[in-house]
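Residue-level listing of the chains:
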Protein chains: 2
Amino acid sequence: MDPYAHISRPTLILNEERARRNIHRMVEKAKANHIRFRPHFKTHQSALIGDWFREEGVDAITVSSLSMARYFAAHGWEDITVAFPFNLREIETLWDLGQKVHLELLVESTEAVDFLEKQYLRNLDLWIKIDAGANRTGIKSENIPGILAVAERITASRHLNFKGILSHYGQTYKAGTAEDAAKYYVEANQKMKIIQSALRKAGFRKTAISVGDTPGCSILGNLGKVDEIRPGNFVFFDATQLRIGACREEDIAVAAACPVVARHPERDEVIIYGGAVHLSKEFFLENGNTSFGNVAFPRADGWSARIQGAYVRSISQEHGIIHLPTKTMNQVKVGDLLMILPVHSCLTVAALGEYTTLEGEKIPTMVTQLSDQAERDRGESENEQDQADYSDYSSVF
Amino acid sequence: MDPYAHISRPTLILNEERARRNIHRMVEKAKANHIRFRPHFKTHQSALIGDWFREEGVDAITVSSLSMARYFAAHGWEDITVAFPFNLREIETLWDLGQKVHLELLVESTEAVDFLEKQYLRNLDLWIKIDAGANRTGIKSENIPGILAVAERITASRHLNFKGILSHYGQTYKAGTAEDAAKYYVEANQKMKIIQSALRKAGFRKTAISVGDTPGCSILGNLGKVDEIRPGNFVFFDATQLRIGACREEDIAVAAACPVVARHPERDEVIIYGGAVHLSKEFFLENGNTSFGNVAFPRADGWSARIQGAYVRSISQEHGIIHLPTKTMNQVKVGDLLMILPVHSCLTVAALGEYTTLEGEKIPTMVTQLSDQAERDRGESENEQDQADYSDYSSVF
């Protein structure tokens, strides 16, 4: 039986068995390393897939926004780190959510600490966000005085609690090989240990270290002396992780099924219904080409091995242009499906917003449910405007 | 009064006056040229904004998918061109929608025509999709025999009607200057006229020409001897159109308001809450830099002129990294908003899914309403599986 007979539009196919295996493997690795596992849920964004983690004993999670924290809090998660520099403008959401679940937030400036000290009058765990080489955000790991200043400011507060230092080793995504990614992870860990020592000398005896990135956590067996890991992408992996060497091809758990709508044999290309709004515009360089995804054939059990030499060459709002090797052009007809292994599964999940398992079951995400939530949010914020206790906070902007 | 006091998350701000002015101007230009105006609604994707076009007398529209056609059909639009190569796998949707509204579809192969001839037994208007230089899809304009073959196949059918030739001049987006964009448009029009003449000689007396791209239609006063234009992006314009010279800065009608969450004065950068899932990963090269958007300050009347030298340097799932000139660093605090003029407004609209006008009114799009629609679709397709009259069509795959 063709599991894809009823697929007519770009559809995110999920191999549940692979995803569960990926989860199980990371749970076991964290246990073997005696490290707390706080997986990042921004990859799958789904309450149901969250339950697969719960079945493996996971009880604490990471998210990338307060909106996402709210979604998972509504689905029974009570211990949530929001791994994003605290956004001052969401103080109302924090007041609301902080009374329902245990939240841990990130700060990287004394300004943010001062704001929370004055504007959020409950106990709150804070991590200092460290830039250990990713060059995105956080206090540079070499800036020990800056880190100390924030730690001291947190500790000076009666209700804020300094939990530790936290980093995302985004540099491992730029690694050309698994060896490089492993090296970047180990080097970043060393930077975190240096900060921890400096803080200890300054009197901060309990400084936890939280790290995490899928390449480092997937490639290494020994994750080092850290307290917590927060990888997310490993649940599905993707073409980028495969390129880095952080997974095997048979670990990739999602692919976008896209209808072929036109053939251009004279230039070895076919056009798929599958564009930026379905796959995202994330790309990488592979064999000298800009690629927006790897390509496989649909199979009864999911999808084939990648078609060697095939790639998504270009992408616009709804169209994707696929380059195929000349010898495979004749195997693809208008009306067929091609399976796209995404460059970055997190973004493709966010774009498509819903999974279809190989068994045909639909699994929603928070994106699918956003319209309901937006309605509720609007209702709430209209009510809040009538409440005197919130009106102070809007005046700070 | 600060119109943005209540904005806490990335929010798409719409200047309604500018959008209405942009619509009015294009309506007037089409009238002056005696050309049918069939605007592309994939840019705004909103029933309410569609009404602004209706108020200007527009009664026919273009969309990029059957899903979008269904959305606008549900909002009273009865004459819809789906400007995307017909997707054979959506024959059921076509049967359903084709009985409710007048649809015009695109084909570019005899296979697609044969499929429709056999599988869709109602009258249907078809356009042949021409590649007049964009190199995305369509039959190459030079391939007159190929175009004739498809036209003949359509005409041979009792129920299919050959409407004309249609092209999207995507090459104008690659123009470095307004003059170049205008030249590309005129050259592409000449190619379309050559095809029209060849078809006339072969006995096809009524071959309409439908073209459209925002740069060409915005820059030129004289749009040439075509029958229909289908620009879409002009309703809002964006940083790309500004770069090409297709609009003035004061024509740009949307900007994403994004909270500043961290400052890095040592590297002249700030971090915004605003990433790929809000802005899309569309970028262009400007002054030698990869830019994911222009940057402006919020103002009571919308936003300021672009900050010279500022740009969105990098983007990840939820973070944006903004480069600011050293002298403006001190004007931006954590908790402030920055306004991002998107590289490609269509994709930013699709990502954010909802507008907030300067007056604070929320305007939904089909994205906001997708979750409801997905529910309905699922119900429908479950019903359809029980209906014998559809079961034939799924067997062709």
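Just so it is clear, the model here is predicted, and its values are computed rather than measured. (Residues numbered from 1 in each chain as written. Chains lettered and ligands numbered in written order. Predicted model: local features only at pLDDT ≥ 70, side-chain atom pairs only at ≥ 80, totals over all residues.)

A. Spotlight on the overall build of chain A. Within chain A, the secondary structure is distributed over 14 helices and 21 strands. Against the compact-globule benchmark of 21 Å for 397 residues, chain A has a radius of gyration of 23 Å, which places it among compact chains. In terms of overall dimensions, chain A has C-alpha extents of about 70 × 50 × 35 Å along its principal axes. For chain A, with 397 residues in total, the buried portion stands at 54%. (Helix = DSSP H or I, 4+ residues; strand = E, 2+ residues; numbered from the N terminus. Rg over C-alpha atoms; globule rule 2.2 N^0.38 Å. Buried ≥ 20, exposed ≤ 12 C-beta atoms within 10 Å, placed from the backbone.)

B. Representation of unusual backbone geometry. With phi around 55 degrees, Asp-268 of chain A is a residue other than glycine that occupies positive phi space. Among the structural elements, Asp-268 of chain A can be located in the loop between strand E11 (254-264) and strand E12 (269-273). A positive phi angle, close to 50 degrees, is found at Gln-45 of chain B, a residue other than glycine. Locating Gln-45 of chain B in the fold gives a position in the loop between strand E2 (36-37) and helix H2 (47-55). On the neighbour-count criterion, Gln-45 of chain B (25 C-beta atoms within 10 Å) is buried.

C. Highlighting helix H7 (residues 178-201) of chain B. Residue and element names in this part refer to chain B. In a regular helix each residue adds 1.5 Å, so 24 residues correspond to 34 Å; H7 covers 35 Å between its end C-alpha atoms and thus fits that length. All of the buried residues in H7 are Ala-181, Ala-182, Tyr-184, Tyr-185, Ala-188, Asn-189, Met-192, Ile-195 and Leu-199. Against the buried residues of H7 lie strand E6 (124-131), helix H6 (144-156), strand E8 (160-167), strand E9 (208-211), helix H8 (214-219) and helix H9 (239-244). Where H7 terminates, the next one or two residues include Gly-203, which has phi positive at roughly 105 degrees. (Expected span 1.5 Å × (residues − 1). Contact = placed C-beta atoms within 7 Å.)

D. Expanded view of the environment of Arg-54 of chain A. Residue and element names in this part refer to chain A. By secondary structure assignment, the location of Arg-54 is in helix H2 (residues 47-55). Overall, Arg-54 belongs to the partly exposed group, with 13 C-beta atoms counted inside 10 Å. Considering only alpha carbons, one finds Arg-54 and Trp-77, 23 residues apart in sequence, at a separation of 9.4 Å.

E. Focus on the pairing of E11 of chain A. All names here are of chain A. Most of E11 sits inside the fold, with 11 of its 11 residues counted as buried. Looking at chain direction, strand E1 (residues 11-14) and E11 are connected through 4 bridges and run antiparallel. Looking at the pairing, Leu-12 lines up with Ala-256 of E11. Inspection of the sheet shows E11 paired to strand E19 (residues 337-342) by 4 bridges, in the antiparallel sense. The residue of E19 that forms the bridge with Ala-257 is Met-339. Summarising the sheet, E11 and E12 pair through 4 bridges and their orientation is antiparallel. Paired with His-264 across the two strands is Glu-269, which belongs to E12. Counted between consecutive antiparallel strands, the loop separating E11 from E12 contains 4 residues, among which Asp-268 sits at a positive phi close to 55 degrees. (Pairing = 2+ DSSP bridges.)

F. How the structure looks around the domain arrangement of chain A. Residues and elements named next belong to chain A. Parsing chain A into structural domains produces domain 1 (1-16 + 253-385) and domain 2 (33-235). Taken over C-alpha atoms, the centre of domain 1 sits 31 Å from the centre of domain 2. Facing the 10 residues of domain 1 at the interface are 11 residues of domain 2. When residues of the side of domain 1 that touches domain 2 are traced back to their parent elements, those giving at least two are helix H12 (345-352) and strand E21 (362-364). If one sorts the elements of the side of domain 1 that touches domain 2 by residue count, H12 sits on top with 4 residues. Residue classes in the side of domain 1 that touches domain 2 are distributed as 7 nonpolar, 2 polar and 1 charged. (Domains from an automatic or database assignment. Nonpolar A, V, L, I, M, F, W, Y, C, P; charged D, E, K, R; others polar.)

G. Layout of the relation of the copies chain A and chain B. Rotating chain A by 180 degrees and moving it 0.0 Å along the rotation axis overlays it on chain B with an RMSD of 0.0 Å. Each copy turns onto its partner about a two-fold axis. Taking C-alpha positions as the reference, the residue of chain A nearest the rotation axis is Lys-281 of chain A, at 2.7 Å. When the interface residues of chain A are mapped onto chain B, 98% of them again lie at the interface, so the same face is used by both copies. (Least-squares fit on C-alpha atoms with pLDDT ≥ 70 in both.)

H. Inspection of the pairing of strand E8 (residues 160-167) of chain A at higher detail. All names here are of chain A. With respect to burial, E8 is a largely interior element, 7 of its 8 residues being buried. Sheet topology places E8 next to strand E9 (residues 208-211); 3 bridges connect them, and they run parallel. Counterpart to Ile-165 in the pairing with E9 is Ile-209. In terms of handedness, the path from E8 via helix H7 (residues 178-201) over to E9 forms a crossover that is right-handed. (Right-handed = clockwise from strand over helix to strand, strands pointing away.)

I. Spatial organisation of the environment of Leu-166 of chain A. All names here are of chain A. Of note, Leu-166 is situated in strand E8. On the basis of neighbour counts, which here come to 27 C-beta atoms within 10 Å, the residue Leu-166 falls in the buried class. Sequence separation between Leu-166 and Ser-210 is 44 residues, and the spatial gap between their C-alpha atoms is 4.6 Å. Residues within four places of Leu-166 in sequence aside, it is in contact with Leu-106, Trp-127, Ile-128, Lys-129, Ile-130 and Ser-210.

J. Region of the structure containing the interface of chain A and chain B. Residue-level contacts link 56 residues of chain A with 55 residues of chain B. The greatest single-element share of the side of chain A that touches chain B, amounting to 6 residues, is contributed by helix H13 (residues 370-384) of chain A. Across the side of chain A that touches chain B, the residue classes break down as 22 nonpolar, 19 polar and 15 charged.

K. Representation of the packing of helix H3 (residues 66-73) of chain B against helix H4 (residues 91-98) of chain B. Residues and elements named next belong to chain B. The N-to-C vectors of H3 and H4 enclose an angle of 20 degrees; their axes lie 11 Å apart at closest approach. The pairing of H3 with H4 is recorded here as roughly parallel in orientation. Viewed along their axes, H3 and H4 form a crossing whose handedness is left-handed. Here Leu-66, Ala-69, Arg-70 and Ala-73 of H3 come into contact with H4, specifically with Thr-93, Leu-94 and Leu-97. (Axes fitted to C-alpha atoms, helices over the stretch in contact; angles between N-to-C directions. Parallel < 35°, antiparallel > 145°, perpendicular 65-115°, else oblique. Left-handed = near helix turned anticlockwise from the far one by under 90°.)

L. Geometry of the confidence of the model for chain A. Residues and elements named next belong to chain A. Within chain A, residue pLDDT values average 93, and 92% of them lie at 70 or more. Counting contacts from residues 371-397, a segment whose pLDDT is below 50, to residues more than four positions away or on other chains yields 22 contacts. Two summary scores accompany this predicted model of the complex, namely pTM at 0.92 and ipTM at 0.91. (pLDDT = per-residue confidence, 0-100.)

M. How the structure looks around the environment of Ile-144 of chain B. Residues and elements named next belong to chain B. Inspection of the secondary structure puts Ile-144 in helix H6. The spatial distance from the C-alpha of Ile-144 to the C-alpha of Leu-199 is 8.4 Å, given a sequence separation of 55 residues. Setting aside anything within four residues of it in sequence, one finds Ile-144 in contact with Ile-195 and Ala-198.

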